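Understanding the architecture of this molecule
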Amino acid sequence: MSLIYRDYDEFLSYIKNTGRTVLAVSSSMLPRLDGGRFLESLSGIADLTVFSDYDPNPDISSVDKGIEIASRIKPGLILAAGGGSAIDVAKAVRDRYEGECALAVIPTTAGSGSEATKIAVIYKDGVKLSLGSPRMEASAIMFDPKVLITLPSYQKRSTLSDSLCHAIESMWSLRANEQSIEYAYSALKGIFAYYKAYLAGDLEAAAKVQGASYDAGRAIDITMTTGGHAMAYKLTTMKGTAHGHACLLAVKQLWDYMDEMGTDLGQAQRYRKDFDEFYGYVDLKAPDITTEDIDILSMSVNKERLANNPLMLDTEELKLLYTRMAEEST
Ligand SMILES: [Zn+2]
């Protein structure tokens, strides 16, 4: 279980009691937290090293660089402040670094749910690796909805789409259990009730979707993701479509197809209308996809993730789904 904080002062005293030497994994968010006060206070209580040399879809070489720094400074705490990439890099560094240290996380998007999972998505030469380990569990999480307010609209829409897909896919995953369904249900309730107000800049709604995104992360920590995520990864590395954006496009096609096939989607089916409304509202269009792209995409779908999907899909069916996605972009 992770300790949950919503107040910077309490979070800072946690840090103070945990480790004087802190390795922060963060690109640009750290100086902006709490109007700059967090970094100022943190620098006052800790010996701070900031590692920011990683990409949005982080490569394993970034993790190696992080481990190198950790081995040198021997942190008592690794602190991730950022979206899924920062958190995933921090998790992988903590897992592979030989020393013992705690892991604290400040998620700055409502999306990846990475603060809740023991999996890190890291790439090696453009190919996705899902690293998983109990050592990736966050020791502490600081939730600050204010960081969400200033996110650019596209980032808000794509990251929230990621959360939504986590909740939906978890709900229909073959690995779903009572606990995961409860988390997924709570996530869906929060997202559907508050996304419009969140996208309009409402702070209370931001706190709600932040919680929903965490719940969606807890749901996939149990069930893993399914066909939607499996179809989305190559779209991101190939076309640069943001992860959540790609997931939303994939889940839309997958859901339509599973409906046509009469697949039993359990509780997820109750949310079809809400999903369609969300899909129309966030207005995330498919990128240009050529016939050649479709061949590559349908061959690169991760079979392990597909195995959790309520309907098994072969390459021809995947081709059909990507073709339909391509048609939507024109
Ligand atoms: Zn995701």
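Residue indices follow the written sequence of each chain, beginning from 1 at its first position. Only residues with pLDDT of at least 70 get local features here, since the model is predicted, and only at 80 or more are side-chain atom pairs given and counted; chain-wide, interface and lining totals rely on the full set of residues.

Some thoughts on the pairing of strand S7 (residues 127-132)
The cut-off we apply is this: Each pair of strands is called paired provided DSSP finds at least two bridges between the two strands. The helix and strand labels rest on DSSP assignments: H or I over at least four residues marks a helix, E over at least two residues marks a strand, and numbering proceeds from the N terminus.
Examined bridge by bridge, strand S6 (residues 119-124) and S7 share six bridges and lie antiparallel to one another. Looking at S7, one finds that Ala-120 is bridged to Leu-131. Where S6 hands over to S7, the hairpin turn is made up of two residues, of which Asp-125 adopts a positive phi near 50 degrees.

Examining the sheet that holds strand S5 (residues 102-107)
What counts is decided by this rule: Angles run from 0 to 180 degrees between N-to-C directions of axes, and those axes are lines fitted to C-alpha atoms, restricted for helices to the stretch in contact. Here, residue contact means that the backbone-derived C-beta atoms of the two residues sit within 7 Å.
Ordered in space as S1-S8-S5-S4-S2-S3, the six strands form an open sheet in which the pairing is parallel. Looking at the sheet topology across the chains shown, the edges are occupied by strand S1 (3-5) and strand S3 (47-51). Direction aside, the axes of adjacent strands within the sheet are offset by 20 degrees on average. Bridge count for strand S4 (residues 77-82) against S5 is six bridges, and the pairing is parallel. Residue pairing in the sheet places Leu-79 in a bridge with Ala-104 of S5. Along the sheet face, helix H1 (residues 8-18) touches S1, strand S2 (21-25), S4, S5 and strand S8 (140-142) and points at about 140 degrees away from the line of S1. Most of the contacts of helix H3 (residues 60-73) go to S2, to which it runs at about 170 degrees, and overall it touches S2 and S3.

Re the domain arrangement of the chain
For the record, the criterion: Note: domain ranges come from an automatic or database domain assignment. Residue polarity is assigned by list, with Asp, Glu, Lys and Arg as charged and Ala, Val, Leu, Ile, Met, Phe, Trp, Tyr, Cys and Pro as nonpolar; anything else, Gly included, falls into the polar class.
For the chain, the assigned domains are domain 1 (3-144) and domain 2 (151-329). Counting residues at the interface gives 15 residues for domain 1 and 20 residues for domain 2. Its residues assigned to classes, the side of domain 1 that touches domain 2 shows three nonpolar, nine polar and three charged.

With respect to helix H9 (residues 227-239)
Applicable threshold: By this rule the span expected of a helix is its residue count minus one, scaled by 1.5 Å. Each residue is classed by its C-beta neighbour count within 10 Å, where at least 20 other C-beta atoms makes it buried, 12 or fewer makes it exposed, and intermediate counts make it partly exposed; the C-beta atoms are placed from backbone geometry.
Compared with the 18 Å implied by 1.5 Å per residue over 13 residues, the 19 Å span of H9 between its first and last C-alpha is a close match. Buried within H9 we find Gly-227, Gly-228, His-229, Ala-230, Met-231, Ala-232, Tyr-233, Lys-234 and Leu-235. Next to the buried residues of H9 lie S7, helix H6 (153-172), helix H10 (243-260), helix H12 (291-299), helix H13 (303-306) and helix H14 (315-329).

Looking at the packing of H9 against H10
To keep it simple, the criterion reads: Between 65 and 115 degrees an angle is taken as roughly perpendicular, under 35 as roughly parallel, over 145 as roughly antiparallel, and anywhere else as oblique. For any pair of crossing helices, the crossing counts as left-handed if the nearer helix is rotated counterclockwise from the farther one by less than a right angle, and right-handed if it is rotated clockwise.
The interhelical angle for the contact between H9 and H10, taken along N-to-C directions, is 130 degrees, at an axis separation of 8 Å. What the angle tells us is that H9 and H10 run oblique. The crossing of H9 and H10 is right-handed. Residues Gly-227, Gly-228, His-229, Met-231, Ala-232, Leu-235 and Thr-236 of H9 form the contact with H10, whose participating residues are His-243, Ala-246, Cys-247, Ala-250, Val-251 and Leu-254. Grouping the amino acids of the contact of H9 with H10 by side-chain chemistry returns eight nonpolar, five polar and no charged.

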